Amino acid sequence: MSKSSRCTCGPYPTVDFQSQRDYGSEEGIYTETQTKAKNACVQFGCFHFKMEAPQTDMNLEFCNTQVTEAALFPHVENKNDGIHGSQGVSIYRGRNAESGATNSSSESAEPKQSWEYHRCQFDTARCDGNECSSHFSSEGSPHSKVDNVLRRWTETMHKITTTICNVLNLPDEFIAIDDCQCKHADCDTTYSTPRCNSDLLRVFRYDPTTKISNNNDDPEVMQLGSSPHTDWGSLTVVWQDSIGGLQVYCHLHKKWNCVDPAPPVTAYPNSVKNVNVFVHVGDFLSLATKSICPSPMHRVISPSGGVERYSLVYFVYPPPGMTLKTAEEAIVASGSFGAGNEEENDGELILPTKLLKRYFVLHDQSSAPVSVDGVSDPFTESCIQTYASMRNTAFDLVIKQKWDQVQR
């Protein structure tokens, strides 16, 4: 079976990483862990990842409690409008600001709300003449509590992501590992300096639905919390609560597969608590490997039973200025994932059209829904053209354009 037609149905493998074991004297164990993670990327484009909880001042174990205590989503029944939160560095997006909403009608909006927080806060500074003042909230204000919670979660997710990238032995072209060192005093009135990284945390609250179904493939009796899509960057790291709802699509069998929710937090034998996340390969990494590692299409089903669903989603992007062509060369030089799925076209090796169509980063998502399995559709030619031009474009510029397409 060719890589382009392989089955990506679950269950999805779990990569159990323990730093004291994997970095210990038994080097073969680390090699085994690395091999399992890479094989999961090649076969499924996703995997569960379990590791010791990072040494930060906020543990994901208490996410649900902290969402409530920080009042991240107050008066949720009234939050149908768009962007809020301009008094701090965190940004609130109501239902009509989400990716599924193509107009201002609340009926078309996806039933979710979110907060977002950029790991680099450079352009939250505002310059006025000779004075530079940040938009960080004043200490003790309601928004200050939100900013602090999201900052700590971002730090935790970045530490987890750095470990995952080390396990996969990803070249530096795929993630900006260094901590953000940008200072607000560095900004200027022209905003000419870009962020040092594009990584982004989003915290989602999904509304419960009254529709109940035992068949998650029946669109008439279930409600989508997030429409089907692929993620655009290098990796996406997801923590979802015990409610579940995340599903991954298998193109071979045209089937949606449920992703198991996070199990209860347990402890390793040394009493160190662990954290469980789910990892997606993004479009950038997948395209750089010539689709050896698929970028899985996924969606979220709204929770039933009157209980809301919470998740933390950390989007990892390549460093600013990085191009897809440079990343492709880095993958080849590293020898990490082997030969790709190219076809020759006019003397140039390109990916087959049916694979290109599956990458949402190559589609204009500003209006019409995307079809990825149809025999023919108007997106085909544009995907080929977009892929050709994107390979030499700084990917942070691509990402900025994509967010402009999906956020209202």
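Structure: see above.
Residues numbered from 1 in each chain as written. Predicted model: local features only at pLDDT ≥ 70, side-chain atom pairs only at ≥ 80, totals over all residues. Heavy atoms only, no water.

> Help me understand the overall build of the protein chain in this model?
In terms of helices and strands, the protein chain carries 9 helices and 17 strands. Put simply, the protein chain has 408 residues, and 52% of those count as buried. Across the protein chain, every contact between residues at least 6 apart in sequence was considered, and the portion connecting residues at least 24 apart equals 77%. When the accessible surface of the protein chain is summed, it comes to about 18400 Å², and 49% of that surface belongs to carbon and sulfur atoms. (Helix = DSSP H or I, 4+ residues; strand = E, 2+ residues; numbered from the N terminus. Buried < 20%, exposed > 50% of the residue type's maximum accessible area, 1.4 Å probe, protein only. Contact = heavy atoms within 4.5 Å. Areas by Shrake-Rupley, 256 points an atom, 1.4 Å probe, with all protein chains shown as cover.)

> Just to check I follow, could you spell out helix 6 (residues 324–334) for this structure?
Note: α-helices contain 3.6 residues per turn, so residues at a spacing of three or four share the same orientation. Taken as a whole, helix 6 has its buried residues at Leu324, Ala327, Glu328, Ala330 and Ile331. Buried positions in helix 6, seen along its axis, are confined to an arc of 160° and lie on one side of it. Those residues of helix 6 that are exposed and aimed more than 90 degrees away from the buried face are Val332 and Ala333. At the exit of helix 6 stands glycine 335, carrying a positive phi of roughly 65°. (Arc of directions from axis to C-beta.)

> Help me out: how do you make sense of the side chain of serine 302 in this one?
In this structure, serine 302 sits in the loop between strand 14 (298–301) and strand 15 (309–316). Reaching out from serine 302, the side chain makes a polar contact with the backbone nitrogen of glycine 225 at a distance of 3.4 Å. In this structure, serine 302 is in contact with Pro111, Asp207, Thr209, Gln223, Leu224 and Gly225, ignoring residues within four places of it in sequence. (Polar contact = N/O pair within 3.5 Å; in protein donor to acceptor, adjacent residues only side chain to side chain.)

> What's the story with the packing of aromatic side chains in this structure? I'm lost.
We describe a pair of aromatic rings using the distance from one ring centre to the other and the angle between the two ring planes. Taken as a whole and assessed by the stated rule, the structure comprises 11 aromatic pairs. Residues tyrosine 12 and phenylalanine 278 carry aromatic rings whose centres are separated by 6.0 Å and whose planes lie at 65° to one another, so their mutual orientation is edge-to-face. Here the residue tyrosine 12 occupies a position in the segment before strand 1 (14–17), and phenylalanine 278 occupies one in strand 13 (residues 274–281), the gap between them amounting to 266 residues. Here tyrosine 12 matches phenylalanine 278 in class, with each residue buried. A ring pair is formed by tyrosine 92 and tryptophan 115, whose centres lie 5.5 Å apart and whose planes are at 65°; its orientation type is edge-to-face. In this pair, tyrosine 92 sits in strand 4 (residues 91–93) while tryptophan 115 sits in strand 5 (residues 112–118), placing the two residues 23 residues apart along the sequence. Residues tyrosine 92 and tryptophan 115 agree in their burial class; the two are buried. Grouping aromatic residues by their ring pairs yields a cluster made of Tyr12, Phe44 and Phe278. (Phe/Tyr/Trp six-rings, centres within 6.5 Å; stacked < 30°, edge-to-face > 60°.)

> Would you mind showing me how to read the pattern of salt bridges here?
It is possible for side chains of opposite charge to pair when their charged atoms get near one another. Inspection of the entire model under this criterion finds 9 salt bridges. Linked by salt bridges that have partners in common, Arg93, Glu116 and Arg202 make up one network. (Salt bridge = Lys/Arg side-chain N within 4 Å of Asp/Glu carboxyl O.)

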